[in-house]
There are 2 protein chains.
Amino acid sequence: MKNSRTTLKDLAKELNLSASTISRALGNHPGISESTTKLVQKKAEELGFIPNSIASSFRKKKTQSIGIIVPRIDIYFHSLVISGIEDYAYKMGYNVTIFQSKDSMKREQEITKILQNKMVEGVIVCLSIETDKYDHFKKFKKLGIPLVFYDRVPSEIDVNSIVINDYESAFTATKHLIEKGCKRIAHIAGNQSTAIFKARYEGYKAALKKHKLTLDANLVGLTHNLSYEEGVIQANKFLKLPVLPDGIFCANDYTAVSVLQVFMKAGVKIPEETAIVGFSNYPISRVIEPHITTINDRAFEMGTEAAKLSIRLIEDEEESIKSETISLNTELIVRESSMKTTV
Amino acid sequence: MKNSRTTLKDLAKELNLSASTISRALGNHPGISESTTKLVQKKAEELGFIPNSIASSFRKKKTQSIGIIVPRIDIYFHSLVISGIEDYAYKMGYNVTIFQSKDSMKREQEITKILQNKMVEGVIVCLSIETDKYDHFKKFKKLGIPLVFYDRVPSEIDVNSIVINDYESAFTATKHLIEKGCKRIAHIAGNQSTAIFKARYEGYKAALKKHKLTLDANLVGLTHNLSYEEGVIQANKFLKLPVLPDGIFCANDYTAVSVLQVFMKAGVKIPEETAIVGFSNYPISRVIEPHITTINDRAFEMGTEAAKLSIRLIEDEEESIKSETISLNTELIVRESSMKTTV
DNA sequence: CTGAAAGCGCTTACAG
DNA sequence: CTGAAAGCGCTTACAG
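Residues numbered from 1 in each chain as written. Chains lettered and ligands numbered in written order. Predicted model: local features only at pLDDT ≥ 70, side-chain atom pairs only at ≥ 80, totals over all residues. Heavy atoms only, no water.

- An unreviewed UniProt entry annotates chain A as LacI family DNA-binding transcriptional regulator of Christiangramia antarctica.

What follows is the structure, encoded as structure tokens:
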């Protein structure tokens, strides 16, 4: 399409000034007289001058943009994180370019290539579920482009990452059930090859141990991806036990919802007979009845922190070598699904 | 941060060829011998050459990028649309830069300025709820940057837009209730200054009229933003009526959920005494019990179509003057909340 | 099939 | 306080 943009030169010619002066005046450079600056800015406004920031980026080798790679945008958790990133980045004058890996390592690898030559200044990533090799991220280090991971982070140590304290959160959630008088506490666990779900399982086990409750293998339901459907399957398994669990800690809210519905349909009273705690604070947890006690996973703040760290690393002159892991503290949100009167 | 990228020139020097040849060989230009092309590409790989696409964009005046302005990323509908846009854009070699207006016209105006000098090649927008002036979009036309609106579109005619057939969808939803034997059908309506909600209200009215049912003002609940809470308020109003509505068509799924919950708590049988239909096919509609009959608003496809149209307009040589409105057909998804046996 | 040269629109070190 | 000049890393019309 035709391009009839006014350029610096046009402005210069119009005002009988040099391009250098125009450039400086527009940038409010101190070494330009106030009158000239005023004049230039007025004229720029008048001619509808829009600086070509591609030229500027090219010249300055600064694009003021951050690349994001997420598995999918339409997963609520990620949409919240992205929202947090955009919000902070916008305030700092950065913009964000988004790519979806669709949980494919191959696509993730393609995207890293694109990001390398697109000259983003920083990259924020949540790994695809398939990713078990990290070579495609190494190039960023060589190029001096800081990488920040969140949620699903590489199982290596020297990366910048934003996570939540999954272990402690799971511990807290389980302890809450214990304090409510539960003795037979079940757990619906996520994929144990994913660090965060492993940590949640560990936190659950630790809380039981601490309170001298024995771990019963029948009360642990391992799932592949914590889907609603898998939750239904696990719930039905629990229902067939000779003695029902009196508390269930689910590693996410989807499975918490399915357990809640399956149990209620089977006539089990929630929370009196079985108390339920989820994880993530998805919107549905405060809509479904009874409302579900859950862990606020602070997705938005995760995004804010990721953006903050990324921009700090971008603007940091002395390339700080050491990697940083920021662990956010979650909070337990107590709702009806676990509100039974303590014994 | 330090930048030690290999450039075209480095490659040229290394191979004793000109930069022109290197550039062409990398681009698989036909006028270069196969052997040279092979040689250059091998060397490029070897030296880890990454083309500087900012330089290339600058030179070619093509950034292969699309800007998106949405009210919020963390609204499920928008996250789906964005996902659809990214998906199609990615396939076509475009990337997407996202901004949130946060439903502020002021911020939307700021963003349009940024997008104008960022040299995106196309812009896709869902207007902020506040927006009642469109001057900030005019500049795009002058710059030859095609604009595509979706969902909330300007109340002017000459814009490209992707919408769904709200009127027909509402008509279908209401007709469905009528066919199920409902005689007193209520409607929870959205903000009537927003075109889509107005169209849904009109569709509801038209269906009543067509089937000779009278419109009862007591059965219409106007809300400001169709929030869950507003749904609760309207539901309680309906409960106080001497005769309950036997069908309710809600302009979105949030209010459908709240009506369903309030009515059930009041002992009303769903769908036997009151059937409910929502709008949007939010995930919660197929989780809450009874599952809610709703309209699939095809958000993902809306994104795909927006991207498709945007890219077509970008790549179209002969700046097609006429604007296009693409209206997607929705579908009614019948679930338990309206499945009562017909009389 | 390959190369020399110009130039995209800015910014900035250098000079005055 | 202002200007001339060089250059960022590519691409492409022109020439051979």
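Still more to cover.
1. Structural notes on the relation of the copies chain B and chain A
Then comes step 1: Superposing chain B onto chain A takes a rotation of 180° combined with a translation of 0.0 Å along the rotation axis, leaving an RMSD of 0.1 Å. The operation mapping one copy onto its partner corresponds to a two-fold rotation axis. The rotation axis passes nearest to the C-alpha of Thr97 of chain B in chain B, at a distance of 2.1 Å.
Then comes step 2: Same-surface contact between copies: 100% of interface residues of chain B are shared with the interface of chain A. (Least-squares fit on C-alpha atoms with pLDDT ≥ 70 in both. Contact = heavy atoms within 4.5 Å.)

2. With respect to the UniProt feature "domain: HTH lacI-type" (unreviewed entry) in chain A
Then comes step 1: Within the UniProt annotation, "domain: HTH lacI-type" (unreviewed entry) is assigned to residues 6-60 of chain A.
Then comes step 2: In this annotation, residues 6-60 of chain A is assigned 69% helix and 0% strand; the end-to-end C-alpha distance for the span is 20 Å. (UniProt positions renumbered as here; feature names shortened; annotations may be inferred. Helix = DSSP H or I, 4+ residues; strand = E, 2+ residues; numbered from the N terminus.)

3. A closer look at the protein's contact with DNA strand C
Then comes step 1: Surrounding DNA strand C, one finds 25 residues, the nearest of these being Ser23, Arg24 and Arg59 of chain A together with Thr21 and Lys61 of chain B.
Then comes step 2: Restricting attention to atoms of DNA strand C within 4 Å of the protein, one finds that 57% of them are sugar or phosphate atoms.
Then comes step 3: Between DNA strand C and the protein, one listed contact pairs a base nitrogen with a side-chain N or O atom of Arg24 of chain A at 2.3 Å.
Then comes step 4: Within the contact set of DNA strand C, a phosphate oxygen lies 2.6 Å away from a side-chain nitrogen or oxygen of Thr21 of chain B. (Near = heavy atom within 4 Å. Polar contact = N/O pair within 3.5 Å; in protein donor to acceptor, adjacent residues only side chain to side chain.)

4. Section: the interface of chain B and chain A
Then comes step 1: Counting residues at the interface gives 57 residues for chain B and 57 residues for chain A.
Then comes step 2: Regarding the contact of chain B and chain A, the summed buried area is about 5500 Å², with carbon and sulfur atoms giving 55% of it.
Then comes step 3: One can count eight salt bridges joining chain B with chain A.
Then comes step 4: One salt bridge in this structure joins Arg107 of chain B and Glu86 of chain A, with 3.2 Å as the shortest N-O distance.
Then comes step 5: At the junction of chain B and chain A, the tally comes to 21 residue pairs in polar contact (both at pLDDT 80 or more).
Then comes step 6: Tallying contributions element by element places helix α5 (residues 76-91) of chain B first for the side of chain B that touches chain A, with eight residues.
Then comes step 7: When the residues that make up the side of chain B that touches chain A are grouped by side-chain class, the tally is 27 nonpolar, 16 polar and 14 charged.
Then comes step 8: Judged from the three bridges that link them, strand β2 (residues 95-100) of chain A and strand β2 (residues 95-100) of chain B form a sheet pairing that is antiparallel. Across the sheet, the residue bridging to Thr97 of chain A is Thr97 of chain B, located in β2 of chain B. (Buried area = accessible area lost by both parts, 1.4 Å probe. Salt bridge = Lys/Arg side-chain N within 4 Å of Asp/Glu carboxyl O. Nonpolar A, V, L, I, M, F, W, Y, C, P; charged D, E, K, R; others polar. Pairing = 2+ DSSP bridges.)

5. Describing the layout of surface pockets
Then comes step 1: In this structure, the second largest pocket occupies an estimated 1200 Å³ of space.
Then comes step 2: Every residue lining the second largest pocket is counted, 38 residues in all, and those nearest its centre are Phe49, Pro51, Asn52, Ser53 and Ser56 of chain B.
Then comes step 3: Breaking the lining of the second largest pocket down by element, the ones donating at least two residues are α6 (105-117) of chain A together with α1 (8-15), α2 (19-26), α3 (34-46) and α4 (53-60) of chain B.
Then comes step 4: Looking at the lining of the second largest pocket, the element that brings in the most residues is α4 of chain B, giving six residues. (1 Å grid on protein atoms, 1.4 Å probe; cavity = no way out; pocket = protein on both sides within 12 Å on 5 of 7 lines; lining within 4 Å. Points joined across faces, edges and corners; volume = space filled by probe spheres on them.)

6. Re the protein's contact with DNA strand D
Then comes step 1: Taken together, 25 residues lie around DNA strand D, and Thr21 and Gly31 of chain A together with Ser23, Arg24 and Arg59 of chain B are the ones closest in.
Then comes step 2: Considering DNA strand D, the proportion of its atoms within 4 Å of the protein that are sugar or phosphate atoms stands at 57%.
Then comes step 3: Contact distances for DNA strand D include 3.1 Å between a phosphate oxygen and a backbone N or O atom of Ser33 of chain A.
Then comes step 4: Note that a phosphate oxygen of DNA strand D is positioned 2.5 Å from one of the side-chain N or O atoms of Ser23 of chain B.
Then comes step 5: Those elements giving two or more residues to the surface near DNA strand D turn out to be α2 (19-26) and α4 (53-60) of chain A together with α2 and α4 of chain B.
Then comes step 6: Looking at the surface near DNA strand D element by element, the count peaks at five residues for α4 of chain B.
Then comes step 7: Of the residues assigned to the surface near DNA strand D, the class counts are eight nonpolar, eleven polar and six charged.

7. Section: empty space enclosed by the protein
Then comes step 1: Under the counting rule described, the total for this entry stands at one cavity of 30 Å³ or more.
Then comes step 2: Of the voids in this model, the largest cavity is the one considered here, and its volume is about 280 Å³.
Then comes step 3: Around the largest cavity, the lining is made up of 18 residues, and of these Ser65 and Thr97 of chain A together with Ile54, Ser65 and Thr97 of chain B lie nearest the centre.
Then comes step 4: Those elements that place two or more of their residues in the lining of the largest cavity are α4 and β2 of chain A together with α4 and β2 of chain B.
Then comes step 5: The dominant element in the lining of the largest cavity, judged by the number of residues it contributes, is α4 of chain A, at three residues.
Then comes step 6: Across the lining of the largest cavity, the residue classes tally to five nonpolar, eleven polar and two charged.

8. Considerations on the packing of aromatic side chains
Then comes step 1: Counting across every chain of the model gives 16 aromatic pairs over all chains.
Then comes step 2: With a centroid separation of 6.2 Å and 25° between ring planes, the pair formed by Tyr201 of chain A and Tyr204 of chain A is classed as stacked. Separated by three residues within a single helix, Tyr201 of chain A and Tyr204 of chain A lie in helix α9 (residues 195-210), roughly one turn from each other. By the burial criterion, Tyr201 of chain A is buried, and Tyr204 of chain A matches it.
Then comes step 3: Centroid distance Phe249 of chain B to Phe279 of chain B: 6.4 Å. Interplanar angle 50°. Geometry classified as tilted. One end of the pair, Phe249 of chain B, is in strand β8 (residues 247-250); the other, Phe279 of chain B, is in the loop between β9 (275-277) and β10 (294-296), and 30 residues separate them in sequence.
Then comes step 4: Owing to a relative accessible area of 0%, Phe249 of chain B belongs among the buried residues under this scheme.
Then comes step 5: Aromatic ring contacts, followed pair by pair, group Tyr76, Tyr254 and Tyr282 of chain A into a single cluster.
Then comes step 6: Its guanidinium or amino end placed over the ring of Tyr201 of chain A, Lys205 of chain A lies 4.4 Å from that ring's centre, counting from NZ or CZ. (Phe/Tyr/Trp six-rings, centres within 6.5 Å; stacked < 30°, edge-to-face > 60°. Buried < 20%, exposed > 50% of the residue type's maximum accessible area, 1.4 Å probe, protein only. Lys NZ or Arg CZ within 6 Å of the ring centre and 35° of its normal.)

9. With respect to the sheet that holds strand β7 (residues 220-222) of chain A
All names here are of chain A.
Then comes step 1: Reading across from one edge, β7-β6-β8-β9 is the order of the four strands in this open sheet, with parallel pairing throughout. The strands lining the two open edges of the sheet, one partner per strand, are β7 and β9 (275-277). Averaged over neighbouring strand pairs, the angle between their axes works out to 15° when direction is ignored.
Then comes step 2: Note: strand β6 (residues 185-189) against strand β8 (residues 247-250), four bridges, orientation parallel. Along β8, the bridge assignment pairs His187 with Phe249.
Then comes step 3: Sheet contacts for helix α10 (residues 228-239): β6, β7 and β8; angle to β6, the most-contacted strand, approximately 155°. (Axes fitted to C-alpha atoms, helices over the stretch in contact; angles between N-to-C directions.)

10. Looking at the sheet that holds strand β5 (residues 160-164) of chain B
Then comes step 1: Taken in spatial order, the twelve strands of this open sheet run β11(A)-β5(A)-β4(A)-β3(A)-β1(A)-β2(A)-β2(B)-β1(B)-β3(B)-β4(B)-β5(B)-β11(B), and their pairing is mixed. Every interior strand has two partners, whereas the edge strands, β11 (325-328) of chain A together with β11 (325-328) of chain B, have only one. Sheet twist, expressed as the mean angle between neighbouring strand axes with direction ignored, is 20°.
Then comes step 2: Examined bridge by bridge, strand β4 (residues 147-150) of chain B and β5 of chain B share three bridges and lie parallel to one another. Of the residues in β5 of chain B, the one forming a bridge with Tyr150 of chain B is Ile162 of chain B.

11. With respect to the domain arrangement of chain A
Then comes step 1: Here chain A is partitioned into domain 1 (8-51), domain 2 (64-164 + 300-328) and domain 3 (166-297 + 332-338).
Then comes step 2: Centre-to-centre, using C-alpha coordinates, domain 1 of chain A lies 38 Å away from domain 2 of chain A. (Domains from an automatic or database assignment.)

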